[in-house]
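One letter stands for each residue in the lines below.
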Amino acid sequence: MNRRQLVSTAFSLATLSAIPLLPTGCRPARAAIVPSDPLPSWNHGEARQAIEGFVASVTTVGGGNYVEPAGRSAVFDNDGTLWAEQPANALTFFAMDRARELASDHPDWLQRPQFQAAIEQNLKALIDAGELGLAELIAATHAGMTPEAFEAIVRTWLAGARNPLFGKPFEKLVYQPMLELIDFLRANEFKITILSGGGAEFLRALGERLYGIPPERIIGSTIRTRYDVGETVPRIIRLPEIDFVDEKSGKPIAINRFLGRRPIAAFGNADTDFEMLEWSTAGSGRRFGMLVHHDDAKREVAYDRTSPIGRLDRGLDEADERGWTLVSMKNDWKNVFAT
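Helices and strands together make up the secondary structure of the protein chain, namely 14 helices and seven strands. By the burial criterion, 52% of the 339 residues in the protein chain qualify as buried. Sequence separation of 24 or more characterises 68% of the internal contacts of the protein chain that already satisfy a separation of 6 or more. Carbon and sulfur atoms make up 51% of the accessible area of the protein chain, which totals about 15400 Å².

Printed below as a string of structure tokens:
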């Protein structure tokens, strides 16, 4: 049996028996009928072959690299990996709009550069404030409410917000090839976790609807919270303080803290994902690391080494020697967006 037959057999058996049902209103998993091509938006080339070969290797019973379903864990970055992150990610625009909305109640914000930039909708100045400045802005503008109230605000904002570069709702800028990849892995009994540098609760408001990933499988940066016994029912209150930043070396720490298992596959697009791929692929047995290279200026945006958003420099230099798959958006994807 050749590699393609192995992939087809493994995918068919797993799809028929292991696709989970999702709650009403969420993005559904693929139907039980096995598609003739599980990755229709991927061109046939080295990247696709590497994906199919890895999945076939770890799911073929009796093979030397077989991994029991319980050990099939895969982690995905979100911004720039699953949906567009240029000219900035959705969370940044949400924080800017929240800052402008709340500014009248916080006149002191105008004395702080990152808050002034957000209130004035000056994206460049906000980016220049750096990761810490943006994290402080997010903490302050996302606090003072319960997680449920915050989720409702996020959903309302997403319904009307548009990415200024593409002129489309942020939820319309999800990458179709990555949706197919998630479905392919899920059908082969992989447990999928999103590991984002963005806010965990911001992403939980949309992760199940867009990707079919439940809240408990979404890890991200967090602000501190307080348990409060109010007059009616106990509640969690979000505080204006940074708790954990899920970037760079924070990603392996978060995996160990919340998953307790080293993934066998990791998918990212930037140097902020480097440690996640490095740690995931350093374990024993067959491993897989993948970086999405944004090199398609016609259908999306071409950026890598010098970009202030989603910089990919070290990853480009070391992907080959580390055995990671570098995906060319331009050459490996037939389609970019899901719509």
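Right, picking up where we left off after that structure.
On the basis of which strands lie adjacent, the open sheet formed by seven strands has the order E4-E3-E2-E1-E5-E6-E7 and mixed pairing. This sheet does not close on itself; its edge strands, each paired only once, are strand E4 (234–244) and strand E7 (325–328). Along the sheet, successive strands turn relative to each other by an average axial angle of 35°, direction set aside. Strand direction decides the pairing type here: strand E6 (residues 288–293) and E7, joined by four bridges, are parallel. What sits directly across from valine 292, in E7, is valine 327.

For the structure on display, the rule yields 16 aromatic pairs. Ring centres of tyrosine 175 and phenylalanine 337 lie 5.8 Å apart, and the angle between their planes is 25°; on these two criteria the pair is classed as stacked. A residue pair is termed long-range when its members are at least 10 positions apart, and tyrosine 175 in the loop between helix H7 (147–160) and helix H8 (176–187) and phenylalanine 337 in the segment after helix H14 (329–332) qualify at 162 residues. The burial state of tyrosine 175 is the same as that of phenylalanine 337; both residues are buried. Ring centres 5.8 Å apart and planes at 50° place the aromatic pair phenylalanine 267 and phenylalanine 288 in the tilted group. Of this pair, phenylalanine 267 sits in strand E5 (residues 265–268) while phenylalanine 288 sits in strand E6, and the two are 21 residues apart along the sequence. Accessibility expressed as a relative area gives 1% for phenylalanine 267, which makes it buried.

Let us now look at the pairing of E6. Counting buried residues along E6, six of its six residues qualify, which places the element largely inside the surrounding structure. Residues of E6 alternate between two faces, with Phe288, Met290 and Val292 on one and Gly289, Leu291 and His293 on the opposite face, all of them buried. Inspection of the sheet shows E5 paired to E6 by four bridges, in the parallel sense. Pairing of phenylalanine 267 across the sheet is with methionine 290, part of E6. Read as a crossover between parallel neighbours, the route from E5 over helix H12 (residues 274–280) to E6 is right-handed.

What follows covers the environment of arginine 186. When you line up the elements, arginine 186 lands in helix H8. Owing to a relative accessible area of 8%, arginine 186 belongs among the buried residues under this scheme. For the pair arginine 186 and arginine 72, spaced 114 residues apart in sequence, the C-alpha to C-alpha distance is 9.6 Å. A polar atom in the side chain of arginine 186 sits 3.0 Å from the backbone oxygen of tyrosine 211.

When the charged atoms of two side chains with opposite charge come close together, those side chains can pair. Applying the stated criterion across every chain, the model contains 23 salt bridges. Salt-bridge contacts for glutamate 201 lead to arginine 238; the nearest nitrogen and oxygen are separated by 1.9 Å. Taken together, the positions of glutamate 201 in helix H9 (residues 200–204) and arginine 238 in strand E4 put the pair 37 residues apart, joining distant regions of the chain. Between arginine 305 and aspartate 317 there is a salt bridge whose closest N-O contact spans 3.0 Å. One end of the pair, arginine 305, is in the loop between E6 and helix H13 (314–318); the other, aspartate 317, is in helix H13, and 12 residues separate them in sequence. You can call arginine 305 partly exposed: its relative accessible area is 34%. Here aspartate 317 falls in the partly exposed class, since its relative accessible area comes to 47%. Within this structure, Glu278, Arg314, Glu318 and Arg322 form a network of salt bridges that share partners.

Taken together, the seven bridges between strand E3 (residues 218–229) and E4 define a ladder with antiparallel strand orientation. Considered in E4, the bridge of aspartate 228 is made with arginine 235. Counting the residues between successive antiparallel strands, the hairpin from E3 to E4 contains four residues.

The next subject is H8. Each α-helix winds once per 3.6 residues, and so residues spaced three or four apart point in a common direction. Its 12 residues place the ends of H8 17 Å apart at the C-alpha level, agreeing with the 16 Å of an ideal helix rising 1.5 Å per residue. All of the buried residues along H8 are Gln176, Pro177, Met178, Leu179, Glu180, Leu181, Ile182, Asp183, Phe184, Leu185, Arg186 and Ala187. Residue glutamate 189 follows H8 closely and has a positive phi angle near 65°.

So, how was this worked out
- Sequence order as written defines the numbering, with residues in each chain counted from 1.
- Under the rules for a predicted model, residues below a pLDDT of 70 receive no local features and side-chain atom pairs below 80 are neither given nor counted, while totals for whole chains, interfaces and linings still include all residues.
- Calculated side-chain values reflect all of the structure's heavy atoms, with hydrogen atoms and water omitted.
- Secondary structure follows DSSP: runs of H or I at least 4 residues long count as helices, runs of E at least 2 residues long count as strands, and numbering of each begins at the N terminus.
- Each residue is assigned to one of three classes by its accessible area relative to the maximum for its type, calculated with a 1.4 Å probe on protein chains only: buried under 20%, partly exposed between the two thresholds, exposed over 50%.
- In what follows, a contact means two residues having at least one pair of non-hydrogen atoms within 4.5 Å.
- Only the protein chains shown count as covering a residue, and every accessible area follows the Shrake-Rupley method with a 1.4 Å probe.
- A pair of strands is considered paired only if DSSP assigns at least 2 bridges between the two.
- Angular values range over 0 to 180 degrees, each being the angle between N-to-C directions of two axes fitted as lines to C-alpha atoms, with helices fitted over their stretch in contact.
- The aromatic pairing rule takes the rings of Phe, Tyr and Trp, using the six-membered ring of Trp, and pairs them if the centres are within 6.5 Å, calling planes under 30 degrees apart stacked, those over 60 edge-to-face and the rest tilted.
- We call a crossover right-handed when, viewed with the strands running away from us, the connection from the first strand over the helix to the second turns clockwise.
- Polar contact criterion, stated in full: a pair of N or O atoms within 3.5 Å, where within protein one must be able to donate a hydrogen and the other to accept it, and residues adjacent in sequence count only if both atoms are side-chain atoms.
- What makes a salt bridge here is a side-chain nitrogen of Lys or Arg within 4 Å of a carboxyl oxygen of Asp or Glu, nothing more.
- A helix's residues, less one, multiplied by 1.5 Å, set its expected span.

Purely spatial values, then, with no claim about function.
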